[in-house]
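A closer look at the structure
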Amino acid sequence: MAKKGRKKPAPEEFRSEALAQALEKQDMAAVALALRNGTTIVPLIRPGARDNPLDGGEVWTYRDPNTGEIALLLFSDARNKPANLPPGVGIYSAAWLKAFLTTHRERITTVFLDIAGPHPMQAPPEELLKALNA
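Basis of the calculations
Residues numbered from 1 in each chain as written. Predicted model: local features only at pLDDT ≥ 70, side-chain atom pairs only at ≥ 80, totals over all residues. Heavy atoms only, no water. Axes fitted to C-alpha atoms, helices over the stretch in contact; angles between N-to-C directions. Helix = DSSP H or I, 4+ residues; strand = E, 2+ residues; numbered from the N terminus. Parallel < 35°, antiparallel > 145°, perpendicular 65-115°, else oblique. Contact = heavy atoms within 4.5 Å. Nonpolar A, V, L, I, M, F, W, Y, C, P; charged D, E, K, R; others polar. Salt bridge = Lys/Arg side-chain N within 4 Å of Asp/Glu carboxyl O. Buried < 20%, exposed > 50% of the residue type's maximum accessible area, 1.4 Å probe, protein only. Pairing = 2+ DSSP bridges.

**A closer look at the packing of helix α1 (residues 17-25) against helix α2 (residues 28-37)**
As a packed pair, α1 and α2 sit with axes 8 Å apart at the nearest point and diverge in direction by 170°. Comparing the axis directions of α1 and α2 gives the class roughly antiparallel. Where α1 approaches α2, its residues A18, L19, A22 and L23 are matched on the opposing element by A30, V31, A34 and L35. Among the residues forming the contact of α1 with α2, the class breakdown is eight nonpolar, no polar and no charged.

Structure representation (structure tokens):
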């Protein structure tokens, strides 16, 4: 008899409705609230090992070839991630985002939310950290 297990969601099913609505309104206070109380989708260079819940994978960041500045890209929906980014995605909590931005605040110069649309926004990491700490 085959074992019945819960099917893991496909990456295309990863979505934060609250973040999507906040970005649609272009309301930074609502974006902050959605990030603080929900999840966000992050592109991964390497997904985490399925049998190791402590392995969250390796986050992909964008480095501008002209300036060397580094940007973190966050998405409200895995379907909003451009195809030219690594195919893997992870869904992460506010606690993870706060820890990641705190750890890398000296290197990350900006954070793009849904960079390819439909409702892109951009914020400095310090602004998002303030929102996450509120």
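Next, the rest of the story.
**Some details on unusual backbone geometry**
G117 connects to P118 through a cis peptide bond whose omega is 15°. Note on placement: P118 falls in the loop between β6 (108-113) and β7 (121-123). The phi dihedral of Q26 is positive, around 55°, even though this residue is not glycine. Structurally, Q26 is set in the loop between α1 and α2.

**Structural notes on the pattern of salt bridges**
For the coordinates displayed, the defined rule picks out three salt bridges. Put simply, E17 and R15 hold a salt bridge, and the shortest N to O gap is 2.9 Å. The exposure class of R15 is partly exposed, given its relative accessible area of 36%. With its nearest N and O atoms 2.8 Å apart, the salt bridge here joins R15 to D77. Of this pair, R15 sits in the segment before α1 while D77 sits in the loop between β4 (70-74) and β5 (88-93), and the two are 62 residues apart along the sequence. Here the salt bridges do not stand alone but share partners, grouping R15, E17, D77 and R79 into one network.

**Focus on the sheet that holds strand β1 (residues 39-46)**
Within the open sheet, the three strands sit side by side as β2-β1-β5. Their pairing is antiparallel. Strands at the two margins of the open sheet, each flanked by one partner only, are β2 (58-59) and β5. Sheet analysis places β1 next to β5, joined by six bridges and oriented antiparallel. Counted as the bridge partner of V42 is G90 from β5. With respect to the sheet, helix α3 (residues 94-103) is in contact with β1, β2 and β5, its orientation differing from that of β5 by roughly 100°.

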